[in-house]
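Single-letter residue listing:
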Amino acid sequence: MKKIIDTLDNDTNAGLVIVDRGMVIRYMNARMAQWTGVTAGQALGASLALAFPACAAALQACLLDALPSGPHGRGAVDNGLPAKGLIQIPTPSGAIECMVCFPFTDIDDELSYAALFYDARDAEAFHRSFGSAINRLLRLQVEQQLLLLKLEHKDDHLLEVEKLAGIGQLAAGIAHEINNPIGYIFSNLRTLASYVREMLNLIDAVDTVKSLDEFRQLRNCPEYEYIRSDVESLIRESEEGIDRVKKIIGALKDFSHPEEPGYRPVDLHRCIETTLKVIANEVKYKAEVVKVYGDIPDVECNASQISQVLMNLLVNAAQAIDNFGVITIRTGHEAPWVWLEVDDTGQGMERSVASRIFEPFFTTKAVGQGTGLGLSVSLSILEHHGGSAEVDSEPGRGTRIRLWLPQTQSATAVPLETAG
Ligand SMILES: Nc1ncnc2c1ncn2[C@@H]1O[C@H](COP(=O)(O)OP(=O)(O)OP(=O)(O)O)[C@@H](O)[C@H]1O
Ligand SMILES: [Mg+2]
């Protein structure tokens, strides 16, 4: 609107008054003040009736008439109506006449009205300057459309860049997560290799000792005792590391492999019951599970994948509870969608955490306790089903995560391979 006001002010000899929906004057240009003798100080914030009593009623009727019945026209000038009859404001030097009224919505989406005036003694010159100003405005509009188009293309490009950045982030995360266990497995193997060498030397000594007692003495050195205890912990630690790498690789497969055939109608309530049985140990010491099941239809989905999503939600909920709390599982139906939510009375999350929980490798858990892949894999599964997830969380209150699944799959949905 500022551009329109500037163009009218600078390129035409028009008077301009802008009022809000309550007919209070919000803007009046200097030319109008000069013509009418009403100063900006008197006009701004005053009602139309107070500032221009001679023509307020006619002007107000004209402004209201100009309001299109549909959504307020942003096309401003396009929606203008020629002033009905002759609305004149008598001025010390003659009269000025209203030429056009139009409504527009300003930057705050507030409805306002503009009225344009011209000096009746100089009508011809005004019409000429007004015509070229409109042309300039139209050109400006075209330029803006072009700019918008360019910005839209930029958006597409940004999406591509974001996708690439996402892949880069994922790759960096994988490298970081896998590097650590691989590092200590490698160092453990080196230590184990040196232990094996020492053990082999010991066994080879059987050939050189004269008696079993002498062999026992050789074996009773402190190094032997140390190796015995260390071997077990090195092997245990390495197995845990390999498990961790396996878990990460397994979860990563879920991001991409479109292999398992088709979806079947699944009773989500049965799916919940089965999942609860599988993770009973993780949940039963942390929370009472309350079920508030709605009347929902079967959902066309991959049951084992949905069960994996549920498992992630329920384990997260249990892990978020410090002592003992409540996990409520609710289901409902808003055709064509079925929803399922897991609501816990755990620690909840700050907004800055809640906004990141679906990012791969985002975790607030101690090193070795969470890979940060649970929810990102879950979201990926949901999206392959054409579904989505919503989070509502507050520190101290708890967390509610609601899943939305389409009741039936469209032909375009791509199933994922089941988690291994
Ligand atoms: N119910 C919840 N309450 C509070 N925080 C949660 C909840 N669910 C998820 N979070 C937060 O989101 C993070 C990411 O969760 P996600 O399940 O993806 O990974 P993780 O649980 O940390 O690790 P993993 O699931 O791989 O063992 C968690 O570390 C935690 O900070
Ligand atoms: Mg988790």
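Remember, predicted model here, so these are calculated numbers, not experimental data. (Residues numbered from 1 in each chain as written. Chains lettered and ligands numbered in written order. Predicted model: local features only at pLDDT ≥ 70, side-chain atom pairs only at ≥ 80, totals over all residues. Heavy atoms only, no water.)

(A) Region of the structure containing the confidence of the model for the protein chain. Residues with a pLDDT of 70 or more make up 81% of the protein chain, whose mean pLDDT is 81. Between residues 411-420, whose pLDDT stays under 50, and residues either more than four places distant or in other chains, the model counts 36 contacts. (pLDDT = per-residue confidence, 0-100. Contact = heavy atoms within 4.5 Å.)

(B) Spotlight on the nonpolar core. Judged by nonpolar contacts, the single largest core of 42 residues is most densely connected at Leu 268, Ile 306, Leu 314, Ile 327, Leu 340, Val 342 and Leu 403. For this core, the element with the highest residue contribution is helix α11 (residues 303-320), accounting for eight residues. Residues from two domains meet in this core; each of domain 2 (158-256) and domain 3 (264-406) gives at least three. Not counting the four nearest positions on each side in its chain, Leu 314 is found in contact with Thr 275, Leu 276, Ile 279, Val 283, Ile 327, Ile 329 and Val 342. Core analysis: the second largest hydrophobic core is formed by 26 residues, Val 19, Ile 25, Met 28 and Ala 51 among them. (Core = buried A, V, L, I, M, F, W, Y, C linked by side-chain atoms within 4.5 Å. Buried < 20%, exposed > 50% of the residue type's maximum accessible area, 1.4 Å probe, protein only. Helix = DSSP H or I, 4+ residues; strand = E, 2+ residues; numbered from the N terminus. Domains from an automatic or database assignment.)

(C) Main features of the pattern of salt bridges. With the rule as written, the count across this model stands at 11 salt bridges. For Glu 273, the salt bridge is made with Lys 291, and the minimal N-O distance between the two is 3.2 Å. Pair noted here: Glu 273 is in helix α9 (residues 268-278) and Lys 291 is in strand β8 (residues 287-292), with a separation of 18 residues, a long-range link. For Lys 291, a relative accessible area of 38% translates into the label partly exposed. The shortest N-O distance in the salt bridge between Glu 341 and Arg 400 comes to 2.7 Å. (Salt bridge = Lys/Arg side-chain N within 4 Å of Asp/Glu carboxyl O.)

(D) Examining the pairing of strand β10 (residues 325-334) more closely. Relative to β10, β8 runs parallel, the two sharing six bridges. Across the sheet, Val 292 pairs through a bridge with Arg 330, a residue of β10. Taken together, the eight bridges between β10 and strand β11 (residues 337-344) define a ladder with antiparallel strand orientation. The residue of β11 that forms the bridge with Thr 331 is Leu 340. (Pairing = 2+ DSSP bridges.)

(E) A look at the packing of α11 against helix α13 (residues 374-384). At a closest axis distance of 9 Å, the pairing of α11 and α13 adopts a crossing angle of 145°. Along this stretch, α11 crosses α13, giving a crossing that reads as left-handed. Mapping the contact onto sequence places Gln 305, Ile 306, Gln 308, Val 309, Asn 312, Leu 313 and Asn 316 in α11 and Gly 374, Leu 375, Val 377, Ser 378 and Ile 381 in α13. For the contact of α11 with α13, a count of residues per class yields six nonpolar, six polar and no charged. (Axes fitted to C-alpha atoms, helices over the stretch in contact; angles between N-to-C directions. Left-handed = near helix turned anticlockwise from the far one by under 90°. Nonpolar A, V, L, I, M, F, W, Y, C, P; charged D, E, K, R; others polar.)

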